[in-house]
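For reference, the chains in residue letters:
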Amino acid sequence: MSLDGVIKDSWSIEFFPNSVRWNAAGNAIYYDQGEDLKRIPIDPGTGERTDSAVTIMSVAPMRFAGFDVSRDNRTIAYNTVTSRSHVWTVDTRVADGRGVATRQLTTGTANHR
C-alpha cells in the first residue's frame, strides 16, 4: 500500500506473517514467518516492491516471538519461543485431597506448524 492508501502491489506470502516492520529509511519491510525473518526491498517513492523477499536469518527450531529494527537499520533485536508439547496421564481415581497423580509419558515432543 502506498502512502496515499492506494494498494499498488500485493505479495504472495506462504502464510500470514506474525510481525511486520518498516525500516527507518522506508526502503524495506521486515516480517517474520515463524522461524524465518525476511526482508522485502521497497521503493520509498512509490511504495512498490523492488525485488523478491530474502531470508535475513532463521532461528529454527525456535520461532520468532517479536522483533524490531534499529533506527540506523544495522541491528535487529528479537526474541524467540520454543513450542513443546508433552503427553501426560492423570489418575482420575485420586480424590483424597493429596493432589492429582500425574505421569509424564513423553519428553522432547516438539509442537511444529
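Residues numbered from 1 in each chain as written. Predicted model: local features only at pLDDT ≥ 70, side-chain atom pairs only at ≥ 80, totals over all residues. Heavy atoms only, no water.

Another point: the overall build of the protein. Counting secondary structure elements, the protein contains 0 helices and 8 strands. Along the protein, helices (α) and strands (β) appear in the sequence β-β-β-β-β-β-β-β when read from the amino end. Going through the 113 residues of the protein one by one, you find that 21% of them count as buried. Across the protein, the fraction of contacts at a sequence separation of at least 24, relative to all contacts at a separation of at least 6, is 28%. Approximately 8000 Å² of the protein is accessible, and the part contributed by carbon and sulfur atoms is 48%. (Helix = DSSP H or I, 4+ residues; strand = E, 2+ residues; numbered from the N terminus. Buried < 20%, exposed > 50% of the residue type's maximum accessible area, 1.4 Å probe, protein only. Contact = heavy atoms within 4.5 Å. Areas by Shrake-Rupley, 256 points an atom, 1.4 Å probe, with all protein chains shown as cover.)

In this section: the sheet that holds strand β2 (residues 28-33). Pairing is antiparallel in the open sheet, where 4 strands are placed in the order β1-β2-β3-β4. Each edge of the open sheet is held by one strand with a lone partner, namely β1 (20-22) and β4 (54-58). Across the sheet, the axes of successive neighbouring strands diverge by a mean angle of 25°, strand direction being ignored. Sheet analysis places β1 next to β2, joined by 3 bridges and oriented antiparallel. Bridging across to β2, Arg 21 finds its partner in Tyr 30. (Pairing = 2+ DSSP bridges. Axes fitted to C-alpha atoms, helices over the stretch in contact; angles between N-to-C directions.)

A few words on the pairing of strand β5 (residues 63-69). By the bridge criterion, 6 bridges tie β5 to strand β6 (residues 76-81) in an arrangement that is antiparallel. What sits directly across from Arg 63, in β6, is Val 81. Counted along the chain from β5 to the antiparallel partner β6, the turn is 6 residues long, and its residue Asn 73 has a positive phi close to 60°.

Of note, Asn 73 is a non-glycine position whose phi angle comes to about 60°, a positive value. On the basis of relative accessibility, which here comes to 26%, the residue Asn 73 falls in the partly exposed class.

Moving on, we come to the confidence of the model for the protein. The share of residues in the protein with pLDDT of 70 or more is 64%, and the mean pLDDT across the chain is 75. When the elements of the protein are averaged for pLDDT, strand β7 (residues 88-91) gives the smallest value, 67, and strand β3 (residues 36-41) the largest, 91. (pLDDT = per-residue confidence, 0-100.)

With that out of the way, let us pick up the pairing of β2. The buried fraction of β2 amounts to 6 of the 6 residues, a majority that puts the element mostly inside the structure. With burial as the criterion, each face of β2 is covered, one bearing Ala 28, Tyr 30 and Asp 32 and the other bearing Ile 29, Tyr 31 and Gln 33. Counted along the chain from β1 to the antiparallel partner β2, the turn is 5 residues long, and its residue Gly 26 has a positive phi close to 75°. Pairing of β2 with β3 involves 6 bridges; the strand directions are antiparallel. In the sheet register, Asp 32 faces β3, and the bridge partner there is Leu 37.

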